[in-house]
Amino acid sequence: MSERYSRQTLFPPIGKSGQEKIRSKHVLMIGAGALGSGNAELLVRAGIGRLTIVDRDYIEASNLQRQQLYTEEDVAQKLPKAAAAEKRLKAINSDVEIRALIADATPEKLEELVDGVDLIIDATDNFETRMAINDISQKYQIPWIYGACVASFGMSFSIIPGKTPCLNCLLKTMPLQGMTCDTGGIIGPAVQMVIAHQGSEALKILVEDWDALRTSFVSFDLWRNQYASMKMSKAKDSGCLSCGENPTYPYLDAENRTKTTVLCGRDTVQVRPPKQQQLNLQETAEKMRDLGYQVKANPYLVSVEIDENRMVIFQDGRALIHGTKDLAQARSIYQRFLG
Amino acid sequence: MNKLLFFAHLRDEAGHESVEIDAAGKTVAELKRMVAEKYGVQKLDSSMTAINEEFASNEEVIKEGDTIAFIPPVSGG
């Protein structure tokens, strides 16, 4: 074991054997925003074997206040988060095999990616994706760690199939629309506190120290000095459709998915085609220029100004429509050009 | 008496961090309705509830002396 991990192996619950376990593990990170940046950096520095990181978005100036992997240069280049994260993470630790995907974490995409994965970390900003992660976790018996934050408030809970209740067990009281950074803003320390909780549980899972896991649902408010730890043993529901006696994994069904999503914190709608595509972005950019629109392009995306909206098109056929929260209007703009 | 704790934005809506109320014998669902009316809290339906730091369903009945915390789920990340 190299000197690089000496301070971590000196920590008795990890030790040399724990470090070897960490090195042999594959983590799937869903999201490369604030939680994704911090969790990914932490695990890459800790020396995991493989990291797969998935994100659908690109970097904007308003991300820099808390998304620790990104720079002003990344904003200027409008880089996708996954691409910029991959570059930065490889510079931090070249021993880790890092695979970054610029894609939406749909149930199909998750099914494609879970083979050989030891742990899934939730760094998404919406409950639709979390419920899909939750079903995938139960179907393939892979632990996952829920984390979320808004304003000065944050929460985390580790879901271990066969041991703990799952997110769907809590859904009776946890609806699909939680408070988002759209309404509450967010401060950096709240992000870091969630990362600290997710990251420590992740290390425990990776070194297989199951007895050390926190089994409670933790929540805190750093501004108001509140900290709560909720015991979850009574939350498990034997009739749960995700983790109960007769699971159907409802959130993996096509009917439970939307093709348009309002993105957290912005006046933006994502439109996703029913089937993944392989667009020729250069051709798309030329076509839009020929139509008289103002177009900016890089190898990952094409950005087009359409009246008061801006459409950013990715190679997999997805588009972000900025300047609207109206799903129908967004779908209409998308279909006008890519339908 | 029972102590109610409001987390995150619920504290702003309620105007208090905690209140004392007599809720013994009520279910969690009944208490949520009562608190929503009395303190003008909007989103209690979507909040998780802990009784004495343990997750509680809407059907659970509150006992004298229980401390009840309302924790709203968030989705930012």
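Residues numbered from 1 in each chain as written. Chains lettered and ligands numbered in written order. Predicted model: local features only at pLDDT ≥ 70, side-chain atom pairs only at ≥ 80, totals over all residues.

Chain B appears in an unreviewed UniProt entry as Molybdopterin synthase sulfur carrier subunit from Mesobacillus subterraneus. UniProt annotates chain B under Function (unreviewed entry) with the comment "Involved in sulfur transfer in the conversion of molybdopterin precursor Z to molybdopterin." The record held by UniProt for chain B lists under Subunit (unreviewed entry) the comment "Heterotetramer of 2 MoaD subunits and 2 MoaE subunits. Forms a stable heterotetrameric complex of 2 MoaD and 2 MoeB during adenylation of MoaD by MoeB. During catalysis MoaD shuttles between the two heterotetrameric complexes." (UniProt positions renumbered as here; feature names shortened; annotations may be inferred.)

Per an unreviewed UniProt entry, chain A goes by the name Thiamine biosynthesis protein MoeB and belongs to Mesobacillus subterraneus. Per its UniProt entry, chain A bears the Sequence similarities (unreviewed entry) comment "Belongs to the HesA/MoeB/ThiF family."

A. The arrangement of unusual backbone geometry in detail. Residues and elements named next belong to chain A. Non-glycine residue Asn-225 carries a positive phi angle of around 60 degrees. For Asn-225, the position within the fold is in the loop between strand S7 (217-221) and strand S8 (226-230). In this model, Asp-307 sits at a positive phi of 50 degrees, which is unusual for a non-glycine residue. Here Asp-307 lies in the loop between strand S12 (301-306) and strand S13 (309-314). C-beta crowding within 10 Å serves as the criterion here: with 8 such atoms nearby, Asp-307 is assigned to the exposed category. (Helix = DSSP H or I, 4+ residues; strand = E, 2+ residues; numbered from the N terminus. Buried ≥ 20, exposed ≤ 12 C-beta atoms within 10 Å, placed from the backbone.)

B. Quick look at the interface of chain A and chain B. Contact residues are listed per partner, giving 40 residues for chain A and 22 residues for chain B. Classifying every residue of the side of chain A that touches chain B by side-chain character gives 22 nonpolar, twelve polar and six charged. (Contact = placed C-beta atoms within 7 Å. Nonpolar A, V, L, I, M, F, W, Y, C, P; charged D, E, K, R; others polar.)

C. Expanded view of the sheet that holds strand S2 (residues 50-55) of chain A. All names here are of chain A. What the eight strands build is an open sheet, ordered S3-S2-S1-S4-S5-S6-S7-S8; its pairing is mixed. Of all strands in the sheet, those with a lone pairing partner are strand S3 (97-102) and S8, marking the two edges. Across this sheet, the average inter-strand angle for adjacent strands is 10 degrees, counted without regard to direction. As judged from the four bridges shared by strand S6 (residues 153-159) and S7, these two strands associate in the antiparallel manner. Directly across from Gly-154, in S7, lies its bridge partner Phe-220. Lying over the sheet, helix H3 (residues 34-46) contacts strand S1 (26-30), S2, strand S4 (119-122) and strand S5 (144-150), oriented at roughly 170 degrees with respect to S2. Packing against the sheet, helix H5 (residues 81-92) makes contact with S2 and S3, and its axis sits at approximately 165 degrees to S3. (Pairing = 2+ DSSP bridges. Axes fitted to C-alpha atoms, helices over the stretch in contact; angles between N-to-C directions.)

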